[in-house]
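# Structure at a glance
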Amino acid sequence: MAADLQSPPESLGGPLQAIRGLLFIALMYLLLLVMGLLCLIPSKISRNWAMVFIHAYCDAVMWMLRVIVGTRCEVRGTPPTGACLVASKHQSFLDIIILTRALPRPAFVMKKSIRWVPVLGVYAERLGSIPIDRSDGGQAMKAMIAGAGAQAQGRQLIVFAQGTRVPPGVDAPFRPGVLRLREKTGLPITLAALNTGWFWPRVGIRRTPGTAVVEFLTQIDASGKVTIDEVAAPIEAASKRLADEAAAEIYGTAH
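Conventions and cut-offs
Residues numbered from 1 in each chain as written. Predicted model: local features only at pLDDT ≥ 70, side-chain atom pairs only at ≥ 80, totals over all residues. Heavy atoms only, no water. Pairing = 2+ DSSP bridges. Helix = DSSP H or I, 4+ residues; strand = E, 2+ residues; numbered from the N terminus. Axes fitted to C-alpha atoms, helices over the stretch in contact; angles between N-to-C directions. Buried < 20%, exposed > 50% of the residue type's maximum accessible area, 1.4 Å probe, protein only. Contact = heavy atoms within 4.5 Å. Polar contact = N/O pair within 3.5 Å; in protein donor to acceptor, adjacent residues only side chain to side chain. Core = buried A, V, L, I, M, F, W, Y, C linked by side-chain atoms within 4.5 Å. Phe/Tyr/Trp six-rings, centres within 6.5 Å; stacked < 30°, edge-to-face > 60°.

On to the sheet that holds strand β4 (residues 130-132). Across the sheet, seven strands lie side by side as β1-β7-β6-β2-β5-β3-β4; this open sheet has mixed pairing. The open sheet has two free edges, formed respectively by β1 (71-76) and β4, since each of these has just one partner strand. Taken pair by pair, the neighbouring strands of this sheet meet at an average axis angle of 20°, ignoring direction. Across six bridges, the pairing between β1 and strand β7 (residues 210-220) is parallel. Each residue of the ladder has a partner; that of R76, found in β7, is E215.

Shown next, in the form of structure tokens:
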């Protein structure tokens, strides 16, 4: 059955779909360069202007993805609007696009190396994202906690709770960092599930038609004891459900 399949095959859609994927990638990066440079000065002056640009860019990318590739983006549940932590899975760059557009004032715990990526690094900094070096172990945690204190000003700090991108069908433990942040910042945690890796893989040019979903789940209050299993279990269960939807949609129309 479709729902039993772990992920879409690389060959799905044939050469034409690969060409569409390549065209989309080229236009996405060209648009980032053009819009990023045009909006650089006002974004440096005002973070509000930076946020307007970033949301506009995400809108454009999702529109191109739908028109060129046939991948629609859908947000389910209620995105948080106040200061909080967002504990999410991470399967692809697409979930960054959808989460950024869905939240009014998003920021990310991100790899330190992203700071030096042209254009992208500038806007990540303007969002108030927290760069960490994951190889530093305890120092990375200290940097994350120190940076998170600034996020209590109405921002939604997105933490990829498994620490890195994890492809569909691959198991990886949830790390306790999000609980440490909750303890140190006093912010609640909103849980988020997704199936974006089915449509936009970690590597490669394939972009698969269908409906990529990010779903906001329950919120864990800022007070009281919470285990990492209480974070992981609902996210994994909802992500499995969304994966089943993706498999049924993709394989149901592919044959």
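Resuming the write-up.
Right, let's get into the side chain of S88. On the secondary structure map, S88 appears in strand β2 (residues 84-88). The buried category is assigned to S88, whose relative accessible area is 0%. Here S88 is in contact with L99, V159, F160, A161, A192 and L194, once residues within four sequence places are set aside.

Let us look at the environment of L65. Here L65 shows up in helix α3 (residues 47-69). Among the residues examined, L65 registers a relative accessible area of 1% and is labelled buried. The sequence separation of L65 and I25 amounts to 40 residues, and the corresponding C-alpha distance is 9.2 Å.

Within the fold, R207 resides in the loop between β6 (189-194) and β7. Separated by 3.2 Å, the side chain of R207 and the backbone oxygen of G204 make a polar contact. Contacts of R207, omitting those with residues within four sequence positions, involve Q17, G21, F24, I25, V69, F199, W200 and P201.

Next up on the list: the nonpolar core. For soluble globular proteins, nonpolar side chains are generally found buried alongside one another. By size, the foremost hydrophobic cluster in this structure holds 42 residues, and its most contacted members are F24, Y57 and W198. When residues in this core are grouped by element, the largest group, eleven residues, is from α3. Not counting chain neighbours up to four residues away, the residues in contact with Y57 comprise M28, L31, L32, M35 and I97.

This paragraph deals with unusual backbone geometry. Of note in the backbone geometry, V119 takes a positive phi value of approximately 65° without being a glycine. As for its placement among the helices and strands, V119 is situated in the loop between β3 (106-111) and α5 (120-127). Given a relative accessible area of 15%, V119 falls into the buried group.

If you walk through the whole model with that rule in mind, you get five aromatic pairs. Taking the centre distance of 4.4 Å and the plane angle of 45° together, the rings of F53 and Y123 count as tilted. Residue F53 is located in helix α3, and its partner Y123 is located in helix α5; the two are separated by 70 residues in the primary sequence. With respect to class, F53 is no different from Y123; both count as buried. Here the aromatic residues F24, F93 and W200 are joined through ring pairs into a cluster of three or more.

Limitation: the analysis is restricted to geometry and does not speak to function.
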